[in-house]
Amino acid sequence: MSVDALYREQVLKHARDPIHFRRVEHAQHVPGNNPLCGDKLDLYVTIDGNTITDVSFHGAGCAISMASASMMSELLSGLDTATAGTLVDEVNAMLAESVDSVVSINLQDLPIAALGEVRRYPSRVKCATLAWHAMAAALRGDSDPVSTE
Amino acid sequence: MNAASANNVISDDALETRMRALREDFPALHQEVNGQPLVFLDSAASSQRSNAVIEAMRHYESHDHANVHRGVHTLSHRATDAYEGARERVRQFMNAGSVREIIFTRGTTEAINLVAQTWGISNLKAGDEVVVTHLEHHANIVPWQMLADRIGIKLVVAPVEENGDVIAERVIECFTDRTRLLAIASVSNALGTILPLDIVIPAAKARDITVLVDGAQHAPHAPIDVANLGADFFAFSGHKMTGPTGIGVLWGREALLEAMPPWQGGGDMIETVSFEGTTYNALPYKFEAGTPYIAGAVGLAAAIDYLEGVGMDNVQRYEGILLDYLTEQMLAEDDIRIIGTAPKKASVVSFLMDDVHPHDLGTIVDQRGIAVRTGHHCAMPVMSLLEVPGTARASLALYNWREDIDALIDALATVRNLFR
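Just so it is clear, the model here is predicted, and its values are computed rather than measured.

**Quick word on the overall build of chain A**
Looking only at helices and strands, chain A features 4 helices and 4 strands. Helices (α) and strands (β) of chain A occur, in sequence order from the N terminus, as α-β-β-β-α-α-α-β. Rg of the C-alpha trace for chain A: 14 Å, near the compact-globule value of 15 Å for 149 residues, within the 12% margin. Projected onto the principal axes, the alpha-carbon positions of chain A cover approximately 45 × 30 × 25 Å. In chain A, which comprises 149 residues, the proportion classed as buried is 42%. The long-range share in chain A, meaning contacts at least 24 apart out of those at least 6 apart in sequence, stands at 62%.

Structural data, given as structure tokens:
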């Protein structure tokens, strides 16, 4: 399997030009970091009632971490918290599983499924999970810093 | 230099021809990784081992192993001879005066911690200053920070220039009446910078400052001559110089070591033990509690034999040729920026590619069979100082050749195309 399958255009597009790449005031802020490689990500989540009105992020990291956060912002903005919670759990499960595992039906047709390819590169899985761990914390109402370690 | 003009010195071409044959001695280099021939450019993290080292350790483990310094039986004698023979080999390699000054440790990190926890605790007090440079790796920062927390010493950080160089005068400016120790790398693992020890050590000694040299990246690249270096402690690791992991050396001046309290307590480091009072063994055993890594010492001695067979001067010169070639190839690429361009460098090249994070670069070139290090190289302070999140680093050893560099440059084109 070629590395092109991971660094496909869909992923690189998000990495080059991330969606909702901005700091947001008055949002729930979860700082995240991946101490192993130095990726830093600040996640900003705005929730109104049961609706996630906005997911934004800011930070610096590799293409995989940036693309993952960007895809997440696109996917979860506008969803209700329960649906978002399910997707977050499914993405975290997908990234934790082996490369041959079946991707859940909810994720199969989403851009984020492309990041499942990262499972072939064990040292890079944490790059993809950082944003999603931060999001899981935000949905729990937890603003403590998250770390991939 | 024009090598051919000097007596008894072979030309660069002849040297390169000779050095290119060394690859055959390193079995790990002859394999495919991800379907491509392995190109190993991560020797600054840990080097590969020669058949000579592997065979020496295998022979020891297969024939000679028993505990050292204990038994009257034959295998114990053989193990002791092998271990103490290795110590003598290290003494010669470093040009040290006595085997009493050669302490085996697990590596550079343990050697520096040993000095911090014994010499440091018994010689330093609150307000005393320890000078390090901004490009030290974590093993020569954290042990001193721990002393700062424990006994209140002050850590003073000498600056690094934007090009990664360390200017001797700027280190010397850090010395005050309270400076007790200069703890300094000989070669930067992150940037390859060769530090001006020839100037800063005499300046430190003139002020009666003790000097510890972190030689982890020096040992693989250049001869060590502690008799003429002027330092008080010198630490290095076996595994960065084609020896095994888990073995390293602390050299210290005998008078200093003699005056230091022991570190860890246990067997081998004692003379007599009773509950009324224990007396400690003589140097170097005072600092070697417990059964040591005997096979590691044997492997280190074999690595030294191998390196000296090649000649450390030849290693240094050949790596210089490769470094020039790699630097030249990288400078030819508009989108590659070399991080660390000090005038004097060892064969370690940190670099960044425009718009590509080092980790992505590392993953992609790995798919071409090329091993480079990516990240902060256990030297986070210098990365922050240079305002880079980390770098990709290609490091060259005596067993690399030009084709390895060509393969890297070629793979960087793949990275470039993928991200374009």
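Now, onward.
**Some points on the packing of helix H4 (residues 108-123) of chain B against helix H5 (residues 142-151) of chain B**
Residue and element names in this part refer to chain B. Viewed as axis vectors pointing N to C, H4 and H5 meet at an angle of 30 degrees, and their least axial separation amounts to 9 Å. Comparing the axis directions of H4 and H5 gives the class roughly parallel. For the pair H4 and H5, the crossing hand works out as right-handed. When H4 is examined against H5, the residues Ile112, Asn113, Ala116, Gly120 and Ile121 are found in contact with a partner set consisting of Pro143, Trp144, Met146, Leu147 and Ile151.

**What about the confidence of the model for chain B?**
Residues and elements named next belong to chain B. Taken residue by residue, chain B gives an average pLDDT of 95. The fraction at 70 or more is 98%. Per-residue pLDDT stays below 50 along residues 1-5; that stretch engages in 5 contacts with residues further than four places along the chain or on separate chains. Taken together, the chains of this predicted complex give a pTM of 0.93 and an interface ipTM of 0.90.

**Notes on the interface of chain B and chain A**
Facing the 12 residues of chain B at the interface are 14 residues of chain A. Broken down by secondary-structure element, the contributors of at least two residues to the side of chain B that touches chain A are helix H12 (358-366) and helix H14 (402-419) of chain B. When residues of the side of chain B that touches chain A are assigned to their parent elements, the largest contribution, 4 residues, is made by H12(B). Here the residues of the side of chain B that touches chain A sort into 4 nonpolar, 7 polar and 1 charged.

**A word on the environment of A:Ala84**
Residues and elements named next belong to chain A. Mapped onto the fold, Ala84 is located in helix H3 (residues 81-96). Considered as a pair, Ala84 and Thr51 are 33 residues apart in the sequence and their alpha carbons are 9.3 Å apart. Apart from residues no more than four positions distant in its own chain, Ala84 is found in contact with Ile52, Leu76, Leu79 and Leu139.

**Observations regarding the sheet that holds strand E13 (residues 336-339) of chain B**
Residues and elements named next belong to chain B. Strand order in the open sheet formed by 4 strands is E13-E14-E17-E16, and the pairing between neighbours is antiparallel. Strands at the two margins of the open sheet, each flanked by one partner only, are E13 and strand E16 (373-375). Between one strand axis and the next, the sheet turns by 35 degrees as a mean value, whatever way the strands run. Alignment of E16 against strand E17 (residues 391-395), held across 3 bridges, turns out to be antiparallel. Bridge pairing links Arg373 to Arg393 in E17. Contacts from H12 reach strand E14 (348-353), E16 and E17, with the element oriented near 155 degrees to E16.

**Looking at the sheet that holds strand E7 (residues 179-185) of chain B**
Residues and elements named next belong to chain B. The strand order across the open sheet formed by 7 strands is E4-E10-E9-E8-E7-E5-E6, and the pairing between neighbours is mixed. Whereas interior strands pair on both sides, the edge strands pair on one side only; in this sheet they are strand E4 (102-105) and strand E6 (154-158). Recorded for the sheet is a direction-independent mean angle of 20 degrees between the axes of neighbouring strands. Judged from the 3 bridges that link them, strand E8 (residues 210-214) and strand E9 (residues 233-237) form a sheet pairing that is parallel. Across the sheet, Val213 pairs through a bridge with Phe234, a residue of E9. Lying over the sheet, H5 contacts strand E5 (129-133), E6 and E7, oriented at roughly 145 degrees with respect to E6.

**What about the nonpolar core?**
Of all hydrophobic cores here, the largest spans 167 residues; its most connected members are A:Leu43, A:Ala131, A:Ala134, A:Met135, B:Phe234, B:Val249 and B:Val298. Sort the elements by how many residues they give to this core and helix H10 (residues 294-310) of chain B lands first, with 11 residues. Setting aside chain neighbours within four positions, we find A:Leu43 in contact with A:Val30, A:Gly32, A:Phe57, A:Ala131, A:Ala134, A:Met135 and A:Ala138.

**A closer look at unusual backbone geometry**
Only a minority of non-glycine residues have a phi that is not negative, and only a minority of peptide bonds are not trans. Residue and element names in this part refer to chain B. For the bond running from Leu283 to Pro284, omega is 0 degrees, close enough to zero to count as cis. With respect to the helices and strands, Pro284 occurs in the loop between strand E12 (279-280) and H10. A positive phi is found at His69, a non-glycine position, where the angle reads about 60 degrees. The topology assignment puts His69 in the loop between helix H2 (51-64) and helix H3 (74-94). Despite not being glycine, His377 has its phi angle at roughly 55 degrees, a positive value. Along the polypeptide, His377 turns up in the loop between E16 and helix H13 (380-385).

**So, the pairing of E14(B)**
All names here are of chain B. As paired elements, E13 and E14 share 4 bridges and run antiparallel to each other. Across the sheet, Ile339 pairs through a bridge with Ser350, a residue of E14. Here E14 pairs with E17 via 4 bridges, running antiparallel. Pairing of Phe351 across the sheet is with Ala392, part of E17.

**Quick notes on the environment of B:Val315**
All names here are of chain B. Assignment of secondary structure puts Val315 in helix H11 (residues 312-331). Taking the number of C-beta atoms within 10 Å as the measure of exposure, Val315 has 23 and is therefore buried. Placed 219 residues apart in sequence, Val315 and Ala96 show a C-alpha to C-alpha distance of 21 Å. With residues near it in sequence (within four places) discarded, Val315 still touches His221, Leu307, Val310 and Leu398.

**Regarding H5(B)**
Residues three or four positions apart in an α-helix share a direction because the helix packs 3.6 residues into each turn. All names here are of chain B. Residues of H5 that are buried include every one of Pro143, Trp144 and Leu147, and no others. Along the long axis of H5, the arc covered by the buried residues comes to 95 degrees, so they all point the same way. Its buried side turned inward, H5 meets H4, E5, E6 and E7. Two residues or fewer after H5 comes Gly152, characterised by a positive phi angle close to 80 degrees.

The rules behind these values
- The residue count restarts for each chain, going from 1 along the sequence in the order it is written.
- To read the labels, note that chains go from A and ligands from 1, taken in the order they are written.
- Reporting of local features is limited, given that this is a predicted model, to residues whose pLDDT is at least 70; pairs of side-chain atoms are given and counted only at 80 or more, and all residues count toward the totals for whole chains, interfaces and linings.
- The way it works is that DSSP assigns letters per residue, a run of H or I at least four long becomes a helix, a run of E at least two long becomes a strand, and they are numbered from the N terminus.
- We take the radius of gyration over the C-alpha atoms and set the globule estimate at 2.2 Å times the residue count to the 0.38 power.
- Any residue whose C-beta has 12 or fewer other C-beta atoms within 10 Å is treated as exposed, any with 20 or more as buried, and any in between as partly exposed, C-beta atoms being built from the backbone.
- For every residue pair, C-beta atoms are placed from the backbone, and the pair is scored as a contact if these atoms sit within 7 Å.
- Note on definitions: angles span 0 to 180 degrees between N-to-C directions of axes, and those axes are lines fitted to C-alpha atoms, for helices only across the stretch in contact.
- To sort the angles, those under 35 degrees are grouped as roughly parallel, those over 145 as roughly antiparallel, those from 65 to 115 as roughly perpendicular, and the leftovers as oblique.
- Handedness of a crossing is defined here by the sense of rotation of the near helix relative to the far one, left-handed for an anticlockwise turn of less than a right angle and right-handed for a clockwise turn.
- Per-residue confidence from the prediction method is given by pLDDT, with values spanning 0 to 100.
- Each residue is assigned to one class: nonpolar for Ala, Val, Leu, Ile, Met, Phe, Trp, Tyr, Cys and Pro, charged for Asp, Glu, Lys and Arg, and polar for all the others, Gly among them.
- Pairing between strands is defined by DSSP: at least two bridges between them are needed.
- Each nonpolar core reported here comprises buried Ala, Val, Leu, Ile, Met, Phe, Trp, Tyr and Cys residues connected via C-beta atoms within 7 Å.
- Along the arc lie the directions from the helix axis toward the C-beta atoms.

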